Amino acid sequence: MTEPTSTRDGLDEAKAEWTELAERIQSYQAAYYERDESLVSDAEYDGLMQRLEEIERRFPELAGQDSPTRRVGGGVSELFAPVVHAQRMYSLDNVFSIDEFRGWAEKVARDLGGAPAFLCELKIDGLALNLRYENGKLVTAATRGDGVTGEDVTANIAYIPGIPQRLSGTGHPPLVEVRGEVYFPVAAFAELNAHREALGEKVFANPRNAASGSLRQKSEGKSPERLALMHEGFERLRLTVHGIGAWEHPPVHSQSEMYELLASWGLPVSKYAKVVMGTEAVAEFIEHFGAERHSVEHEIDGIVIKVDNFAQQGSLGSTSRAPRWAIAYKYPPEQVNTKLLDIRVGVGRTGRATPYAVVEPVFVAGSTVSQATLHNQDVVRAKGVLIGDTVVLRKAGDVIPEILGPVTELRDGSEHAFVMPTECPECGTPLRAMKEGDIDLRCPNARSCPAQVRGRVEHIGSRGGLDIEVLGEVVAAALTQPLFPERAPLADAHGVVGEAGLFDLTVKDLFPVVVVVRDAETGLPKLNDDGSQREAMPFQRRRDIKKDGPFVAPGPDISNVDDAGSADSNAADSGSADSGAADAGEQPSTNKPTEASARLDFAGDELSVPSANAIKLIENLELAKTKPLWRILVSLNIRHVGPVAARALADFFGSLDAIRAASRDELAQVEGVGGIIADSLLEWFEIDWHQEIVRRWTAAGVQFSIPGHPGPGAAAEVEGVLSGLTIVATGSLDGFTRDGAKEAIIAAGGKAASSVSKKTDYVAAGPGAGSKLTKAEELGVPVLDAAQFAVLVTEGPDALGLTSNG
Ligand SMILES: NC(=O)c1ccc[n+]([C@@H]2O[C@H](COP(=O)([O-])OP(=O)(O)OC[C@H]3O[C@@H](n4cnc5c(N)ncnc54)[C@H](O)[C@@H]3O)[C@@H](O)[C@H]2O)c1
């Protein structure tokens, strides 16, 4: 028996899916076009549209006139009078890869009988506007609406700078429709949002929604403050023209020529548009602006590629939704929606308590994001996010992810506000502001808060400190074990952790223990791609590794633990629920820090198979004792004393004793030190437990002086390729951090100065260099780029073949 046609081909299922999709898309369109809210991310929306198109390709009978694929999304709100466009306004079809673009270009070339010239433009993420000029005078301004009828926003347009009420020049046609995009420059968007927030107005999630929400406003019923805010919005909007509508017999033959004509009439056209031949040139344009996306003053979500010639545009025509002579290439999204699962607080090296968002893991701009910092409780309040909200998360390139705000329309009442804890989540000490008026809260227990000790120990091992390969975040955590600090290798006889005992450690102290991996600066647990906490066991011995299973500790203490599962459940019940790492108990994971694993150490002295890491750490600590004085100074974790200040202090004074003996003035006058660092040093020396660190490190053999240094003032000159030369580094130099550039100069025997004078021999300048570069040019000081600078610090000035200043 043959099946009925409809079910045989899966038409019924397809129809059900189509209906559901179409309804969802329509509800998203209503929120987006009418209320300026994005209930889902653009990428998700585009995905739904693509799916709808796919279904319609298989079942063309489903693609009726009312399909979202056939219509220009958008409508006309009752707030505004309707305006019928003289010529229809279109949307654009999309491609999401260069290959897809090539496919489109091939089809166009086939239809035209040859490859056309393409006009490449930035796709501005704003709001489409239609300006109707009659004999050179602006008559109406309207939004796109459904493409046939738009909303009359003429009154508001008058306030937007750069939109002429009357065209300049001559030769204006009786009627011309000019189309363009109204947008917020990125900087203006941030400022507008700040003002809106201060007035208790809804904050916009992105510049496109802000442009639409700002333009589509009425003055009726607004308080004077809100009217002022509305006008501020208008005045910050800008227009870029990107097309024409009705115009009988335009006097030019191509869109690019037309832009020249419109510009001559005083209309704002884009400076980025470019006519190119061939798909490779288009691909280059796409790649170029993909990399330079953030150097453009407005948001772009892609590139629009148009057939430049009007006659060719005409022969290709349009569908009911979009022209066939243009296509939008969309860049991968930088903004996504996800769920805010929780807001937790981390404590970093300096004791700062930082709220951070735990979100449902989501892939954006090349990686999976599962958390984002929220800086402090004011920021949480300002963003208006509640735990349980759907939030907009943005990650642009390599920039750290940021929560932009909530999607308030999706709230169901189950969300709740974040309350900033009053106590340090890691040690329970009451948090407080460092200074009056300081919004950041800190844990004042600098001495033994495990979070702070862990951060300091990691800093000691870092490249800018003693540069100890094995002493990274994992080992630092293991040495200070937050779940059972009193059992940590760095705990003293009273169970208090601290770095004083670092150089007294022996291999025996380094027992296997499971640790939660955390960030030293923020104290936030690092997460795996699936959102679970990252854990590690740095001192695992070979025989501890149980085949095919999680780690189980040997030894008498855990003889009753037969598998890791029951060890885990012990941990969840263990009495340390209020310590920071107790979070671990909430995460599904096989390797939780357990009391059993934290204890296993004391299984006895026998370390028949010691951990390779443990041996390496002890060896490296031994070597570190005689590292250069500046590295030892950095390792003391004195506020503001980084590698540059530490080198200056070490070179000038030659020993920690001499630094301690110096007055504030003597410290402050050293080049690269100054008042703030001098104060910080004096404060540091006053604290007992800091003295204790120095005493114990000294007793363990750490060298706090430069052998043979002649004493304060007689800085031991480093001999090198830059001896006798003064160099200023400014701007961002590729391959060097700011401190790194100075360090490189000093290490090569040069003097790293911070201001440019006649005595300066070279200035190395990268992007962002400001007045120093100008000064260098005025004084005729040779200016080097990053590549030349790299040669200078390694091979010296001769290798550059340049003469220095003077
Ligand atoms: N997140 C949501 O809920 C939601 C809902 C609806 C729409 N959207 C977004 O809007 C898109 C659909 O909107 P659309 O129909 O306006 O299409 P579109 O924004 O993808 O492209 C068409 C528009 O691009 C604009 N544009 C910008 N620069 C241009 C240039 N140089 N040349 C020509 N046009 C230019 C024009 O205004 C034109 O109308 C979706 O792809 C999605 O990104 C999102």
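Going by the annotation in an unreviewed UniProt entry, the name recorded for the protein chain is DNA ligase, with Lysinibacter cavernae given as the source organism. The Sequence similarities (unreviewed entry) field of the UniProt record for the protein chain holds the comment "Belongs to the NAD-dependent DNA ligase family. LigA subfamily." Taken from UniProt, the Function (unreviewed entry) comment for the protein chain reads in full: "DNA ligase that catalyzes the formation of phosphodiester linkages between 5'-phosphoryl and 3'-hydroxyl groups in double-stranded DNA using NAD as a coenzyme and as the energy source for the reaction. It is essential for DNA replication and repair of damaged DNA."

### Some remarks on the packing of helix 2 (residues 11-35) against helix 3 (residues 42-58)
Between helix 2 and helix 3, the least distance of the axes is 10 Å, while the angle of their chain directions is 145 degrees. In the crossing of helix 2 with helix 3, the sense of the turn from one axis to the other is left-handed. Of the residues in helix 3, those touching helix 2 at Ala14, Glu17, Trp18, Leu21, Ala22, Arg24, Ile25, Tyr28, Gln29 and Tyr32 are Asp42, Glu44, Tyr45, Leu48, Met49, Arg51, Leu52, Ile55 and Glu56.

### Overview of the confidence of the model for the protein chain
Residue-level pLDDT values for the protein chain average 86, and 89% of them are 70 or greater. Within the protein chain, helix 15 (residues 564-573) has the poorest average pLDDT of any element, 29, and strand 3 (residues 117-124) the best, 98. Counted against residues more than four places away or in other chains, residues 545-608, with its pLDDT under 50, gives 102 contacts.

### Looking at the UniProt feature "binding site: NAD(+)" (unreviewed entry) in the protein chain
Within this numbering scheme, the UniProt entry marks Asp42, Ala43, Glu44, Tyr45, Asp46, Ser91, Leu92, Glu121, Arg144, Glu181, Lys306 and Lys330 as carrying the feature "binding site: NAD(+)" (unreviewed entry). Looking at where Ala43 falls in the secondary structure, it is placed in helix 3. Accessibility expressed as a relative area gives 15% for Ser91, which makes it buried. Those residues in contact with Ser91, other than ones at most four positions away along the chain, are Val72, Arg144, Arg321, Ala322 and Pro323.

### Some remarks on the pairing of strand 11 (residues 326-330)
For strand 11, a buried count of five out of five residues is recorded, marking the element as mostly surrounded by other parts of the structure. Burial of strand 11 is two-sided: the residues Ala326, Ala328 and Lys330 facing one way and the residues Ile327 and Tyr329 facing the other way are all buried. Bridge count for strand 2 (residues 94-95) against strand 11 is two bridges, and the pairing is parallel. Within strand 11, the residue paired with Asn94 across the bridge is Ala328. Two elements, strand 10 (residues 300-307) and strand 11, share five bridges in a ladder whose sense is antiparallel. In the strand pairing of strand 11, Ile305 is matched with Ile327.

Criteria and cut-off values
- Residues numbered from 1 in each chain as written.
- Predicted model: local features only at pLDDT ≥ 70, side-chain atom pairs only at ≥ 80, totals over all residues.
- Heavy atoms only, no water.
- UniProt positions renumbered as here; feature names shortened; annotations may be inferred.
- Axes fitted to C-alpha atoms, helices over the stretch in contact; angles between N-to-C directions.
- Helix = DSSP H or I, 4+ residues; strand = E, 2+ residues; numbered from the N terminus.
- Left-handed = near helix turned anticlockwise from the far one by under 90°.
- Contact = heavy atoms within 4.5 Å.
- pLDDT = per-residue confidence, 0-100.
- Buried < 20%, exposed > 50% of the residue type's maximum accessible area, 1.4 Å probe, protein only.
- Pairing = 2+ DSSP bridges.

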